[in-house]
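Overview (structure and organization)
Residue-level listing of the chains:
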Amino acid sequence: MSSNVISPRLRGCGAGPGPHWPAGRRPACEPQLGAPAATIRCPHPRHPPSGRACWVMGAPSQATTWGRALWALLLATLGSAASQPLGAESVCTARPLAKYSLTFTGKWSQTAFPKQYPLFRPPAQWSSLLGAAHSSDYSMWRKNQYVSDGLRDFAERGEAWALMRELEAAGEKLQSVHEVFSAPAVPSGTGHTSAELEAHARHSLVSFVVRIVPSPDWFVGVDSLDLCDGDRWREQVEVDLYPYDAGTDSGFTFSSPNFATIPQDTVTEITSSSPSHPANSFYYPRLKSLPPIARVTLVRLRQNPRTFVLPPPGPLGGGNEITDSLSGPETPLDCEVSLWSSWGLCGGPCGKLGAKSRTRYVRVQPANHGTPCPELEEEAECVPDNCV
């Protein structure tokens, strides 16, 4: 997708049709900025400013030279502003284009996330990655804000068509999306996939999303990651990723059925204690924070007219691959048991003490040196009520 830069239209005290100025009178031009165009307005020497743009005819004079100098200064100022992402705090003045290799690495292992880890129907995996290089006047998603219809479809069902149309519309109408990129899905919780993207000085921000499969509406991603640092491009950026809830489905577990959230909620980060419910698949009350469930690495690609150098081979290589031996933290998972059943009947001979029992069952098996399960059966003495 080609870059589109909004260039303001300019009119001013340059050559063109207009009134002749008396000798010795200098047209004092003052810039007045407005939307969508910036106009140089020149007051008439005998009348107050009428709001119309004016020009100077005739041979170049001191007034004409002065007006053109002011026009050139304004052009330079507005040209610099046009290259700045709208609403950004700093201007990216790096070379216009930079190419990057993006590598997404899944760290969703049964060791790091043992609770309710999906092993089948379907097993733990990652959807395809969809992202964009854009300016600051576009947002794919943002924490504590509502997701678009396109992102809702992607987070709930992995359908990307509506989100693609939103990205294309932002590129065509708002001129805020420079390039859309994607990467293949990863058919396992651990593994990696990669893509290449191009960033522009005005479109130096990168956003993307990857759906957690299976899940109600959970995803990981980055929001407006800036690849530019003043007058230079960043050589390498690494970001740890954590799960987010899109706020459109009310399920607690990976395999929860579709149950729409009404009214729709905003995007929230899922933590080891939030949502604070034992049924939550990411609920680990013993942890202060969850380990990263994924990581993204962006490496700038060196290029010149004759050569194109890829990043060195290794764990950041291309393609979607399954990695079974990724090193990661061992999250202890405590045993969880059900409540006790009611006491059974008291059994025993008449005139003597008998015994009754109750049971419970294991809801979550312990893992990674978590608290072991307690006794699952308990007996107590009793006096038989009905005996012969």
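Bear in mind the structure is a predicted one, so any value in this text is a computation, not a measurement. (Residues numbered from 1 in each chain as written. Predicted model: local features only at pLDDT ≥ 70, side-chain atom pairs only at ≥ 80, totals over all residues. Heavy atoms only, no water.)

1. A few points about the overall build of the protein
Selection rule: Only DSSP runs of H or I reaching four residues or more are called helices, and only runs of E reaching two or more are called strands; each is numbered from the N terminus. Summary of the burial criterion: residues with accessible area below 20% of their type's maximum are buried, those above 50% are exposed, and those between are partly exposed, where the area comes from a 1.4 Å probe applied to protein chains only. Accessible surface area values rest on a Shrake-Rupley calculation with a 1.4 Å probe, where residue burial reflects the displayed protein chains alone.
Counting its secondary structure elements, the protein contains three helices and 22 strands. Counting across all 388 residues of the protein, residues that qualify as buried make up 40%. Summing over all exposed atoms, the protein offers an accessible surface of approximately 21400 Å²; the carbon and sulfur share of this is 53%.

2. Concerning the state of the cysteines
Just so we agree on the cut-off: The disulfide criterion is simple: two cysteine sulfur atoms within 2.5 Å.
Under the counting rule described, the total for this entry stands at three disulfides. Note on cysteine connectivity: Cys335 is disulfide-linked to Cys373, with sulfurs 1.9 Å apart. Between Cys335 and Cys373, the S-S torsion sits near 95 degrees, and that sign places the bridge as right-handed. Residue Cys335 is found in the loop between strand 18 (321-322) and strand 19 (336-337), and its partner Cys373 is found in the loop between strand 21 (362-364) and strand 22 (377-382); the two are separated by 38 residues along the sequence. Note that Cys346 is cross-linked by a disulfide to Cys382, the S-S spacing being 1.8 Å.

3. Let's talk about unusual backbone geometry
Looking along the chain, the bond that leaves Val213 and enters Pro214 is cis, with omega of 0 degrees. Relative to the assigned elements, Pro214 resides in the loop between strand 8 (205-213) and strand 9 (218-226). One non-glycine residue, Gln116, lies in the positive phi region at around 55 degrees. Structurally, Gln116 can be placed in the loop between strand 4 (97-107) and strand 5 (125-134). If you check the backbone angles, Ser224 has positive phi at about 55 degrees while not being a glycine. Note that Ser224 resides in strand 9. Relative accessible area serves as the criterion here: at 19%, Ser224 is assigned to the buried category.

4. Digging into the pattern of salt bridges
Put simply, the test is: Salt bridges are identified by distance alone: a Lys or Arg side-chain nitrogen within 4 Å of an Asp or Glu carboxyl oxygen.
The tally for this structure, following the rule as stated, stands at 16 salt bridges. A salt bridge links Glu198 to Lys99; its shortest N-O distance comes to 3.7 Å. A residue pair is termed long-range when its members are at least 10 positions apart, and Glu198 in strand 7 (residues 190-200) and Lys99 in strand 4 qualify at 99 residues. Its relative accessible area of 17% is what places Glu198 among the buried residues.

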